[in-house]
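Each chain, written out:
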Amino acid sequence: MSNSTIISQYIPPLSDPFLQIITVIVILFFTILIGKGITIYLQRSLKDKMDKEHLNILLKTIYYGLIVVAIIGVIFPLLNIDTSGLLVAGGVVGIVLGFASQSIVGNFISGIFLMIERPVKIGDQVNIDNKLGYVEDIKIISTIIRTYDGLYIRLPNETVFTTSITNYVANLTRRFEYVVGIRYEDDADKAIKIIKGLIDEQPYALVNPSPSVFVDNLGDNAVNIIVRVWAPATEWYDMKTKLLWIIKKTLEENGIEIAFPQRTVWFASELNTKRIGIEHEQNRSVTGTD
């Protein structure tokens, strides 16, 4: 039994030409009406979640897809047009195209979900699949990233959608952290007070969440002070690169030095010390150096 025969059991064909024309017009009218209603609803729901150009492509695909389904699935059986050959040919073509373009279809579907979910937006600073940079564009098939050193990278949307995404500016604020090591003989309380004062002078250092400055641990060569500061995401990098140097200079101006690795060597006995001194003098006399 052919597909047209099965369909005709539910949609009997019309023999009257005038009735056929009226029925086709009515079906097309209601199909267009339903298509318009769906596209208007989707446009209102997705206008803030998708780019205008991409949204128009999606709406047109849905709109004309409904019309094609109505013509092949309803109007053709009413006009007693055999669609079995068309369906078979379409099925074969669909299978061939499916195998040939499965990656494209996957990227297309992933692109739609990306535009709806919006984990990234144009202009965001991101890390996608270990690619760091700015999002230049989000297309139906691919996402364009401009790296910090100006390289152009095109990522398939399927890769973007299925991999982890780090968005550095999705939140309004970000925190940065320093480890400032000072000498043991320096006053740690004084250093903490100075650092807190410097943070308070920064116009973009947030009060809430509040900054924190405290002694974290006693290292081999230094007393390590942790400095944690919250800043707006747009000012985070500039402030992070500037504040550390200000802290270093101000501490040194107040007699507090940044510690560096040091080693003290203890000799086992005074005899070993003298022996090393004698060997040194002998080496100088042999080489003729002063």
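None of the values given here were measured: they were computed from a predicted structure.

Asker: Is there a simple way to think about the pairing of strand β1 (residues 125–128) in this case?
Answerer: A regular strand places its side chains on the two faces of the sheet in alternate fashion. Summarising the sheet, β1 and strand β2 (residues 131–138) pair through four bridges and their orientation is antiparallel. Within β2, the position partnered with V126 by the bridge is G133. In this structure, the hairpin formed by β1 and β2 is closed by a connection of two residues, where D129 is found at a positive phi of approximately 55°. Note that β1 and strand β5 (residues 165–167) share three bridges and pair antiparallel. Directly across from V126, in β5, lies its bridge partner N167.

Asker: Teacher, can you tell me more about helix α7 (residues 188–201) here?
Answerer: Each α-helix winds once per 3.6 residues, and so residues spaced three or four apart point in a common direction. With 14 residues, α7 should cover 20 Å at 1.5 Å per step; its first-to-last C-alpha distance of 20 Å lies within 8% of that length. What α7 keeps buried is the set A188, A191, I192, I194, I195, L198 and I199. Within α7, the buried residues cover an arc of 165° as seen down the axis, which keeps them to one side. Every exposed residue of α7 that faces more than 90 degrees away from the buried side is listed here: D189, K193, D200 and E201. Those residues of α7 hidden inside the fold are in contact with β6 (173–182), β7 (212–218), β8 (223–232) and α8 (236–253). In this structure D187 caps α7, since a side-chain oxygen of it lies 3.0 Å from the backbone nitrogen of D189.

Asker: Is there a simple way to explain the pattern of salt bridges in this structure?
Answerer: Two side chains that carry opposite charge are able to pair once their charged atoms sit near each other. Under the criterion given, the structure shown has eight salt bridges. Across the pair R175 and E177 runs a salt bridge whose closest N-O atoms are separated by 3.7 Å. Given a relative accessible area of 40%, R175 falls into the partly exposed group. E177 gets classed as partly exposed once you look at its relative accessible area, which sits at 34%. In this structure, R183 engages E185 in a salt bridge whose closest nitrogen and oxygen atoms are separated by 3.7 Å. Residue class for E185 comes out exposed when judged on its relative accessible area of 60%. Taken together, the salt bridges that share partners define one network made up of R183, E185, D186 and E257.

Conventions and cut-offs
Residues numbered from 1 in each chain as written. Predicted model: local features only at pLDDT ≥ 70, side-chain atom pairs only at ≥ 80, totals over all residues. Heavy atoms only, no water. Pairing = 2+ DSSP bridges. Helix = DSSP H or I, 4+ residues; strand = E, 2+ residues; numbered from the N terminus. Expected span 1.5 Å × (residues − 1). Buried < 20%, exposed > 50% of the residue type's maximum accessible area, 1.4 Å probe, protein only. Arc of directions from axis to C-beta. Contact = heavy atoms within 4.5 Å. Polar contact = N/O pair within 3.5 Å; in protein donor to acceptor, adjacent residues only side chain to side chain. Salt bridge = Lys/Arg side-chain N within 4 Å of Asp/Glu carboxyl O.

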